[in-house]
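What follows is each chain in one-letter form.
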Amino acid sequence: MKKVFALILSAAMILSLAACGSASDTAQTTATTAAAAESQGASEAETKTAQWPTSDVTVIVPAAAGGGTDIFARAVADGLQRTTGKNFTIVNVDAGSGMVGFEQLRNAAPDGKTIMFWHSGIYVTHFTGQYEYNPNTAFSPLAVFQPGDDGSKQVFVVKGDSKWNSLEELLADAKANPGTITYGCAAGGSAEMVARMLMTAGDAELRLVDAASQTDKITGVAGGNIDVSAITLNSALQYVESGDLKILGVVDKEGTEDYKSAYEMGYTDCYWTQNLVVYGPAGMDESLCRAINEAIAAAVDNATTTEALKTARMYNTVADYDSSMAMFQDYETSVQAAVAAMNG
């Protein structure tokens, strides 16, 4: 009897230990599975990107229709429509030297339904006190375009039958007759900064007159109401060919195949490179910002868009999101220093 009882007790202990071992193994397996699932979910969350666009998009261009930024924005918007299947509507808002357009973007919802195409001159507008808000914090910076050819470079232009055939002649005249030669530009922006750089480099005095958009500058100079201004090369060429305008030099540090830059002519304090940029309203999620950057790059890489931009001599590539962010920060730092030096 005792032997039987001992056998029963031993069997019970073995079953109990087996049950404990099974429960422990089950618990461990469950915990391991849960941890793996959690890790996989976190990994998927990290790699997940936003979709854009999910609806039609309004594209603010804070300049009049027909200028270089407007033409470029329309070409890219057409490309976005082709590659995404959504409608992209250009809205020109040039009132207040474009600042009304800035405010429309600043007050828009950060949902990706409104973006703005402009240029890096907005940093000059801010740091010269013309616009209250810093673009890097008032907006969500999205993309920086990098010139793929010379078409987006700015050039100094005068009327086609002007008596000046070089920057040297124009600046010598301005130095001899201070304040008599007019320069068309928007107050407080990069155009004014370029004008002041030119005056400093040539030790001359020009009289600044209001000309906010490229259209204003072209019609003003070609019509003889403004003596000199700076516009993009692609906008100038058709008027050079028709004899309405004459190019005296390039604003960028490096000239083109046909025209030297002011810097190359010896005016080493006079150069400015202006990139086209894209912003969204402040507060946009980073994943959405990255998705917009990638969508714009894909639109520019579209064969039809590329051909259109190259035909217009406006081909640009899109810096990836991280590179664009570094460039936006560099613009803030460098322009702030340049404006401080100009005022000091």
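Residues numbered from 1 in each chain as written. Predicted model: local features only at pLDDT ≥ 70, side-chain atom pairs only at ≥ 80, totals over all residues. Heavy atoms only, no water.

Chemist: Kindly report on the sheet that holds strand β10 (residues 276-281), identifying the contributing residues and their values.
Modeler: In space, the 6 strands of this open sheet follow the order β2-β1-β3-β10-β4-β11, with mixed pairing throughout. Among the strands making up the open sheet, the edge pair consists of β2 (88-92) and β11 (316-318). Across the sheet, the axes of successive neighbouring strands diverge by a mean angle of 30°, strand direction being ignored. Sheet topology places strand β1 (residues 57-61) next to strand β3 (residues 114-119); 3 bridges connect them, and they run parallel. (Pairing = 2+ DSSP bridges. Helix = DSSP H or I, 4+ residues; strand = E, 2+ residues; numbered from the N terminus. Axes fitted to C-alpha atoms, helices over the stretch in contact; angles between N-to-C directions.)

Chemist: Lay out the packing of aromatic side chains in plain terms, naming residues and giving numbers.
Modeler: Overall, the coordinates contain 11 aromatic pairs when judged by the stated rule. Between F139 and Y279, the ring centres sit 5.3 Å apart and the planes meet at 50°, which makes this aromatic pair tilted. With a gap of 140 residues between them, F139 in strand β4 (residues 139-147) and Y279 in strand β10 connect regions that are remote in the sequence. With relative accessibility at 3%, the residue F139 sits in the buried group. Seen from their ring centres, Y279 and F328 are 5.4 Å apart, and the 45° between their planes marks the pair as tilted. Of the two residues, Y279 is situated in strand β10 and F328 in helix α12 (residues 321-343); the sequence distance between them amounts to 49 residues. Across the pair, exposure class does not vary: Y279 and F328 are buried alike. Through a chain of ring-to-ring contacts, the aromatic side chains of F102, W118, Y131 and Y133 assemble into a single cluster. Directly above the ring of Y133 sits R106, whose terminal nitrogen or CZ lies 3.8 Å from the centroid. Cation over ring: K253 sits above Y271, and NZ or CZ is 5.0 Å from the ring centre. (Phe/Tyr/Trp six-rings, centres within 6.5 Å; stacked < 30°, edge-to-face > 60°. Buried < 20%, exposed > 50% of the residue type's maximum accessible area, 1.4 Å probe, protein only. Lys NZ or Arg CZ within 6 Å of the ring centre and 35° of its normal.)

Chemist: Run through the nonpolar core, naming residues and quoting values.
Modeler: Within the largest apolar cluster, 83 residues are counted, with the highest numbers of intra-cluster contacts made by W52, F117, F156 and Y183. With 9 residues, helix α10 (residues 286-301) is the single largest residue contributor to this core. Counting 13 residues, the second largest nonpolar core, distinct from the first, contains I226, I231, L237 and L245. (Core = buried A, V, L, I, M, F, W, Y, C linked by side-chain atoms within 4.5 Å.)

Chemist: Explain the side chain of S162 to me, using residue names and the numbers behind them.
Modeler: Mapped onto the secondary structure, S162 falls in the loop between β5 (154-159) and α6 (167-176). Side-chain polar atoms of S162 contact the backbone nitrogen of W164, separated by 3.0 Å. (Polar contact = N/O pair within 3.5 Å; in protein donor to acceptor, adjacent residues only side chain to side chain.)

Chemist: With reference to specific residues and values, describe helix α2 (residues 68-84).
Modeler: The terminal C-alpha atoms of α2 lie 24 Å apart, and with 17 residues this matches the ideal 24 Å at 1.5 Å per residue to within 8%. When α2 is considered as a whole, its buried residues turn out to be G68, T69, D70, F72, A73, A75, V76, A77, G79 and L80. (Expected span 1.5 Å × (residues − 1).)

Chemist: Help me get a handle on helix α3 (residues 99-106), residues and values and all.
Modeler: Looking only at α3, the buried set comprises M99, G101, F102 and L105. Viewed end-on, α3 has its buried residues packed into an arc of 155°, placing them on one side of the element. Elements that come into contact with the buried residues of α3 comprise β1, β3, α4 (122-127), β4 and β10. (Arc of directions from axis to C-beta. Contact = heavy atoms within 4.5 Å.)

Chemist: Please provide a residue-by-residue account of the sheet that holds strand β6 (residues 182-185), values included.
Modeler: The strand order across the open sheet formed by 5 strands is β7-β6-β8-β5-β9, and the pairing between neighbours is mixed. Looking at strand neighbours, the two that pair on one side only are β7 (207-210) and β9 (245-250), the edges of this open sheet. Put simply, the sheet's adjacent strands are angled 40° from each other on average, direction ignored.

Chemist: Before we move on, could you go through the packing of α2 against α10 and cite the residues and values that matter?
Modeler: Across the interface, α2 lies against α10 with an axial gap of 8 Å and an inter-helix angle of 100°. As judged from the angle between their axes, α2 and α10 are roughly perpendicular. Residues V76, G79, L80 and T83 of α2 lie in contact with α10, whose contacting residues are A295, I296, A298, A299 and V300. When the residues that make up the contact of α2 with α10 are grouped by side-chain class, the tally is 7 nonpolar, 2 polar and no charged. (Parallel < 35°, antiparallel > 145°, perpendicular 65-115°, else oblique. Nonpolar A, V, L, I, M, F, W, Y, C, P; charged D, E, K, R; others polar.)

Chemist: Run through the confidence of the model for the protein, naming residues and quoting values.
Modeler: The predicted model of the protein averages 87 in pLDDT, with 85% of residues at 70 or higher. In the model, residues 1-47 has pLDDT below 50 throughout and makes 0 contacts with residues more than four positions away in sequence or in other chains. (pLDDT = per-residue confidence, 0-100.)

Chemist: Outline the pattern of salt bridges, supporting the account with residue identities and numerical values.
Modeler: Inspection of every chain in the model, using the stated rule, returns 9 salt bridges. A salt bridge links K163 to D173; the shortest N-O distance between them is 3.2 Å. Residue K163 is found in the loop between β5 and α6, and its partner D173 is found in helix α6; the two are separated by 10 residues along the sequence. Through salt bridges with shared partners, a single ionic network connects E286, R290 and D322. (Salt bridge = Lys/Arg side-chain N within 4 Å of Asp/Glu carboxyl O.)

Chemist: Talk me through the environment of G98; I want residue IDs and the actual numbers.
Modeler: For G98, the position within the fold is in the loop between β2 and α3. Judged by relative accessible area, G98 falls into the buried class, the value being 0%. Ignoring anything within four residues of it in the chain, the contact list for G98 reads P62 and V93.

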